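Tertiary structure, described
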Amino acid sequence: MKIELNGILRVGLFGIGLDTYWPQFKGLKGRLENYLRIVEQRLVQPGVEVVNLGLVDNPARALEAGHRFRREDVDLIFLHVTTYALSSTVLPVVQRAKVPVIILNLQLAAAIDYKNFNKMGDRTAMTGEWLAFCAACPVPEIANVFNRARIPFHQITGMLHDDPICWNEVAGWLDAARVANVMFHNRLGLMGHYYGGMLDIYSDLTQHCATFGGHMEIIEVDELAALRREVNAKQIKLRVSEFKKAFDVQPDCAPAELERAARTSVALDKLVDEHALGSLAYYYMGTGNAENEDAISSIILGNSLLTARGVPVAGEYEVKNVQAMKIMDAFGIGGSFTEYYAIDFNDDVVLMGHDGPGHIKIAEGKTKVRPLKVYHGKVGRGLSVEMCVKHGPVTLLSVVQTVEGKLKLLVAEGQSVPGPILEIGNTNSRYKFSLGARKFVEAWNVQGPAHHCAVGIGHIADKITKFGSLLGLETVRVC
C-alpha cells in the first residue's frame, strides 16, 4: 500500500488593523504590513508552509480570510496584532477556519523612545507613531470575544525584534502543531492481542482516533509468518550484517538465532511498507502454531531497527504507549518503551527499563544483543537488546485513559544518570527527578497511568503541554 503524505505543516498568518486609520495616518499601513512580513519570515522553516493573508482591517475582509484559511487547509493560525483593531475583524476569521489560534502580541521595540516621540511636534504624526506601538491595546478585547465565543486561544507577548524568549515560544508552538499533524496522519498497526489480565493497558481505540486522528490497521500475525517464508538467504545475510553494524552483538549469540531474527526483521519491514505503518503495537503467544511462535520470539531486533528509523514498536499490545512513543519520536527525542521496576534508595534514583525492543538511537553507547533462554512472562526464547538511555536530560510521557474514558497526557522531566545497571538483556536506565525518587513515584502513580511510559532524551515538557493544548487534552506535569 502506498500512501503519499507530504508532511507539510500549513500555518495561517494574518495581521489586523483598522481601515479607518489608513487615510488618517500616512505610511501606517505600510509599516504594519512590513511587520507582518517579518513575522512571516520567522515562521518559514523546513516543513512549514505559511499562508499569509496580509492585514485584515474590516469585517468583510475577515469573512473572506476565514473562508480562505478553510480552503488552504491550514493546521494552525498565528494572529499578529499590529495595532488596535476591532474584534469584529478577528472573530469571523477564526470562527470559519476552525483551527487553533495563537495571538502574537508583539511590540516593535522594548519601549517607545519617549524623548524623541515628544519632540515630533505634529500630533497627527505622533498618534500614527503611537498606533505603530499599539499591539497590546486590542488583545483584551479579542480575548473577551474569544472566551464568549468559546474559542480556545493561546498568547505570546513580546517584541518583534531581539526577543529570543518570544521566538522560542513561537518555535515551540510550530513544533507542537507539526507533531499533531504527524499524529493525525499516522497509521498505527495492531498485531495480535492484549496481554491477558494486564487491565491497565486496555484502551478505547475509538477514543484514540477521536483524540489524535490517524488510522488503526488490524494486522494478523499470520501475515508476518507468511512474509517470513518469502525471505531469501541473501536478504538474511545482508540483515545480519546490518545487525552487526547497528548493535554490539555479543559473542554468545548463536549464528542461527541471528539468522532467525534477520528473517523476521526483513519480513517486518515488508509488513510495515505494505500497510504504510508509522507505528506498531503487538503481542501474541503463538501457542500451537510453530510459525507464529517463531516469528514473535524473533521479533525484538527487527522492532528495534524500526523504532530507530521512526516507526516505534510497543510490545504487550500497549496502544497508549505506542502513541506516546510516536509523539516523542515526532518531536525528535526518541521514545523508548519503559517502565519503572525498582528504586535505588541509596542513590535516590528510579530504575527503569523493559524487555523487548528499544530505541537504539538514544542509547548510551552501542546497544548490546544478548541471547535469552527464556522471555519472562512470554513464549519462546531468542535474542534481546540491552541498552541504557543516554546520560543527560530526559522526558517521560504517558498517554493515560481516565475514569471518564478520556485521554490525557502525563509528563515528567528528569536526568538519566550513570551507575550500575542490570545486565539481563533488557533496556535499563537510572533516572533522577527533582522531586526525589519517593515523591516522583507517588506523584506519577496518583495520576493513574498504565505501568508503561515512553522516555526520550532532552527536556520537552513545555512542548508536550503545547501539543496537548492544541488537541484539547489535559496535560499533567509531575516535574
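To start, this report covers the structure provided alongside it. Given the structure is predicted, the values throughout are model-derived calculations rather than measurements.

On to the sheet that holds strand S3 (residues 76–81), then. Taken together, five strands build an open sheet; the order of strands is S2-S1-S3-S4-S5 and the sheet is parallel. Of all the strands in the sheet, the pair left with one neighbour each is strand S2 (48–56) and strand S5 (154–159). The average angle at which neighbouring strand axes cross in this sheet is 20°, direction not considered. Alignment of strand S4 (residues 101–107) against S5, held across six bridges, turns out to be parallel.

Where nonpolar side chains cluster on the molecular surface, the patch consists of Tyr 341, Leu 422 and Ile 424 and spans about 270 Å² of accessible area. Counting through the fold element by element, Tyr 341 comes out in strand S11 (residues 334–344).

Turning our attention to the pattern of salt bridges. Under the definition given, this model contains 21 salt bridges. Between Asp 175 and Lys 463 there is a salt bridge, with its nearest N and O atoms 2.8 Å apart. Taken as a pair, Asp 175 in helix H8 (residues 164–185) and Lys 463 in helix H17 (residues 461–471) lie far apart in primary sequence, 288 residues in all. When its relative accessible area of 13% is taken as the criterion, Asp 175 is described as buried. The exposure class assigned to Lys 463 is partly exposed, which follows from its relative accessible area of 27%. When the shortest N-O distance is used, the salt bridge between Asp 269 and Arg 309 registers 3.3 Å. With a gap of 40 residues between them, Asp 269 in helix H12 (residues 255–275) and Arg 309 in the loop between helix H14 (300–308) and strand S10 (313–314) connect regions that are remote in the sequence. A cluster of three or more residues bridged by salt bridges with shared partners is formed by Arg 10, Glu 49, Arg 68 and Glu 72.

Take the packing of helix H9 (residues 205–212) against helix H15 (residues 319–330) next. At a minimum axis distance of 11 Å, the contact between H9 and H15 shows a crossing angle of 20°. Our classification of the angle between H9 and H15 gives roughly parallel. When you trace H9 past H15, the crossing you get is right-handed. Here H9 contributes Leu 205, His 208 and Phe 212 to the contact with H15, which in turn contributes Val 319, Lys 320, Gln 323 and Ile 327. Of the residues assigned to the contact of H9 with H15, the class counts are four nonpolar, two polar and one charged.

As enumerated under the stated definition, the model contains twelve aromatic pairs in all. Taking 6.3 Å as the distance between ring centres and 80° as the angle between the ring planes, the aromatic pair formed by Phe 331 and Phe 467 counts as edge-to-face. Residue Phe 331 is found in the loop between H15 and S11, and its partner Phe 467 is found in helix H17; the two are separated by 136 residues along the sequence. Taken individually, Phe 331 and Phe 467 each receive the classification buried, so the pair is uniform in this respect. Centre to centre, the rings of Tyr 340 and Phe 440 are 6.3 Å apart; their planes meet at 70°, and the pair counts as edge-to-face. Of this pair, Tyr 340 sits in strand S11 while Phe 440 is found in helix H16 (residues 437–445), placing the two residues 100 residues apart along the sequence.

The rules behind each value
- Residues numbered from 1 in each chain as written.
- Predicted model: local features only at pLDDT ≥ 70, side-chain atom pairs only at ≥ 80, totals over all residues.
- Heavy atoms only, no water.
- Pairing = 2+ DSSP bridges.
- Helix = DSSP H or I, 4+ residues; strand = E, 2+ residues; numbered from the N terminus.
- Axes fitted to C-alpha atoms, helices over the stretch in contact; angles between N-to-C directions.
- Patch = residues over 30% accessible without salt bridge, like charges linked within 9 Å, V, L, I, M, F, W, Y side chains within 5 Å.
- Areas by Shrake-Rupley, 256 points an atom, 1.4 Å probe, with all protein chains shown as cover.
- Salt bridge = Lys/Arg side-chain N within 4 Å of Asp/Glu carboxyl O.
- Buried < 20%, exposed > 50% of the residue type's maximum accessible area, 1.4 Å probe, protein only.
- Parallel < 35°, antiparallel > 145°, perpendicular 65-115°, else oblique.
- Left-handed = near helix turned anticlockwise from the far one by under 90°.
- Contact = heavy atoms within 4.5 Å.
- Nonpolar A, V, L, I, M, F, W, Y, C, P; charged D, E, K, R; others polar.
- Phe/Tyr/Trp six-rings, centres within 6.5 Å; stacked < 30°, edge-to-face > 60°.

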